[in-house]
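Spelled out from the first residue to the last, the chains are:
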Amino acid sequence: MITLYTIDCPKCKILEKKLSQANVEYEVCRDREIIASKGFDLMPVLDVDGQIMGFGEAVKWVNERS
């Protein structure tokens, strides 16, 4: 399961676009209370089956799949 945690910042939008272009199926979470409860303070965050990735690592992961 893949979840994108986003606040719709510029980097968030870039990652969301890359995921869509790579045909990666994912869910989006924009709930700031959930994001805060998970301790995420920098956005976006990509959760791939429990592996938490920040923007740079997430972009690399998506690029490897396209």
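Structure shown above.
Below is a summary of the structure that appears in this document. What you see is a predicted model, and the numbers here were worked out from it, not measured in a lab.

The rules behind the values
Residues numbered from 1 in each chain as written. Predicted model: local features only at pLDDT ≥ 70, side-chain atom pairs only at ≥ 80, totals over all residues. Heavy atoms only, no water. Helix = DSSP H or I, 4+ residues; strand = E, 2+ residues; numbered from the N terminus. Expected span 1.5 Å × (residues − 1). Buried < 20%, exposed > 50% of the residue type's maximum accessible area, 1.4 Å probe, protein only. Arc of directions from axis to C-beta. Contact = heavy atoms within 4.5 Å. Core = buried A, V, L, I, M, F, W, Y, C linked by side-chain atoms within 4.5 Å. Salt bridge = Lys/Arg side-chain N within 4 Å of Asp/Glu carboxyl O.

Let us now look at helix α1 (residues 10-21). With 12 residues, α1 should reach 16 Å at 1.5 Å per residue; the first-to-last C-alpha distance of 17 Å fits that figure. Turning to α1, its buried residues number three or more, namely Cys 12, Leu 15, Glu 16 and Leu 19. The arc that holds the buried residues of α1, viewed along the axis, is 100 degrees, so those residues lie on one side. Opposite the buried face of α1, at more than 90 degrees from it, the exposed residues are Pro 10, Lys 13, Lys 17 and Gln 21. Structurally, α1 contributes buried residues whose contacts are with β1 (2-5), β2 (27-29), β3 (45-48) and α3 (55-65). Remark: Asn 23 follows α1 within two positions and exhibits a positive phi of approximately 60 degrees.

Bringing the nonpolar core into the picture now. The biggest cluster of nonpolar side chains holds 13 residues, and the ones touching the most others in it are Leu 15, Leu 19, Leu 46 and Trp 61. It is α3 that provides the largest number of residues to this core, a total of four residues. The residues contacting Trp 61, other than those within four sequence positions of it, are Ile 2, Leu 19, Val 24, Leu 46, Val 48 and Met 53. Among the nonpolar cores identified, the runner-up in size contains eight residues, and Tyr 5, Cys 12, Phe 40 and Val 45 belong to it.

Relative to the assigned elements, Gly 54 resides in the loop between β4 (51-53) and α3. In this structure, the C-alpha to C-alpha distance between Gly 54 and Met 43, residues 11 residues apart in sequence, is 7.2 Å.

Take α3 next. Three or more residues of α3 are buried, namely Ala 58, Val 59, Trp 61 and Val 62. Buried residues of α3 fall within an arc of 160 degrees about the axis and therefore sit on the same side. Projecting away from the buried face of α3 at angles above 90 degrees are the exposed residues Gly 56, Lys 60 and Glu 64. Buried residues in α3 make contact with β1, α1, β3 and β4.

Scanning the entire structure with this criterion turns up three salt bridges. Between Glu 16 and Arg 30 there is a salt bridge, with the nearest N and O atoms lying 3.4 Å from each other. A residue pair is termed long-range when its members are at least 10 positions apart, and Glu 16 in helix α1 and Arg 30 in the loop between β2 and α2 (32-37) qualify at 14 residues. Relative accessible area serves as the criterion here: at 19%, Glu 16 is assigned to the buried category. For Arg 30, a relative accessible area of 42% puts it in the partly exposed group. The salt bridge involving Arg 65 is made with Glu 64; its shortest N-O contact spans 3.5 Å.

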